[in-house]
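A look at the structure
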Amino acid sequence: QVQLVESGGGLVQPGGSLRLSCAGSGFMFGIYAMSWYRQAPGKERELVATITRFSGSTNYADSVKGRFTISRDNGKKMVYLQMNSLKPEDTAVYYCSAKWVESEYWGQGTQVTVSS
């Protein structure tokens, strides 16, 4: 059974930090590109960051460059999103995604709320 389980969300003040984690199981984690998406209320889901399967090359949305860092540990089947200097506009449900060719999996999401 394929699973992606996110954790680490919560309420944080502007300027604060959070680290999201995503645990994968039931599929060949190491061959999948891993991504974080987010969806704010009333908005479409948007790609936040991607890390490739082998080289670990990363890409980020312009809105999070310099503040967020995606990383992965293939041995532990984990992907992380370190979020620093958080802003109220970062408030959203954050989803972990795994993609390889036409195979794609999604987690259930974790809520991140940035508010004073």
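The preceding data block contains the structure.
Residues numbered from 1 in each chain as written. Predicted model: local features only at pLDDT ≥ 70, side-chain atom pairs only at ≥ 80, totals over all residues. Heavy atoms only, no water.

**Observations concerning the nonpolar core**
Ranked by internal contacts, the top residues of the largest apolar core, which has 29 residues, are Met34, Trp36, Val79, Leu81, Met83 and Tyr94. For this core, the secondary-structure elements that each account for two or more residues are β3 (18-25), β4 (33-39), β5 (46-51), β7 (68-73), β8 (78-83), β9 (92-100) and β11 (110-114). In terms of residue count, the dominant contributor to this core is β9 (four residues). Ignoring sequence-local partners within four residues, the contact set of tyrosine 94 consists of Glu6, Leu20, Trp36, Tyr37, Arg38, Val48, Phe68, Leu81, Met83, Gly109, Thr110 and Val112. (Core = buried A, V, L, I, M, F, W, Y, C linked by side-chain atoms within 4.5 Å. Buried < 20%, exposed > 50% of the residue type's maximum accessible area, 1.4 Å probe, protein only. Helix = DSSP H or I, 4+ residues; strand = E, 2+ residues; numbered from the N terminus. Contact = heavy atoms within 4.5 Å.)

**Some details on the side chain of serine 35**
Topologically, serine 35 is positioned in strand β4. We classify serine 35 as buried; its relative accessible area is 8%. At 2.8 Å, the side chain of serine 35 forms a polar contact with the side chain of threonine 50. Once residues within four sequence positions are removed from consideration, serine 35 is found in contact with Leu47, Ala49, Thr50, Ile70, Tyr95, Cys96 and Ser97. (Polar contact = N/O pair within 3.5 Å; in protein donor to acceptor, adjacent residues only side chain to side chain.)

**As for the pattern of salt bridges**
Per the stated rule, a full pass over the model turns up four salt bridges. Across the salt bridge formed by arginine 38 and aspartate 90, the nearest N and O atoms sit 2.9 Å from each other. With arginine 38 in strand β4 and aspartate 90 in the loop between β8 and β9, the pair connects residues that are 52 residues apart, well separated along the chain. Using a relative accessible area of 5% as the deciding quantity, one classes arginine 38 as buried. Judged by its relative accessible area of 0%, aspartate 90 falls in the buried class. For lysine 65, the salt bridge identified is with aspartate 62, shortest N-O distance 3.2 Å. The pair lysine 65 / aspartate 62 is uniform in exposure class, with both members exposed. Beyond isolated ion pairs, a larger network of salt bridges with shared partners links Arg38, Glu46, Arg67 and Asp90. (Salt bridge = Lys/Arg side-chain N within 4 Å of Asp/Glu carboxyl O.)

**Quick word on the state of the cysteines**
Under the defined criterion, the tally for this structure stands at one disulfide. Sulfur-sulfur distance for the disulfide between cysteine 22 and cysteine 96 comes to 2.1 Å. Between cysteine 22 and cysteine 96, the S-S dihedral sits near -80°, and the bridge is therefore left-handed. Highlighted residues: cysteine 22 in strand β3 and cysteine 96 in strand β9, separated in sequence by 74 residues. (Disulfide = S-S within 2.5 Å.)

**Comments concerning the side chain of arginine 72**
Here arginine 72 shows up in strand β7. An unpaired buried charge is present at arginine 72: no salt bridge exists, and aspartate 73, the closest side chain of opposite charge, is 8.3 Å distant. Of note is the side chain of arginine 72, whose polar atom sits 3.1 Å from the backbone oxygen of threonine 52. There is a polar contact of 2.7 Å between the side chain of arginine 72 and the side chain of asparagine 74. When sequence neighbours within four positions are dropped, the list of residues in contact with arginine 72 reads Phe29, Gly30, Tyr32, Ala33, Met34, Ile51, Thr52, Arg53, Met78 and Val79. (Lys, Arg positive; Asp, Glu negative; His and termini not counted.)

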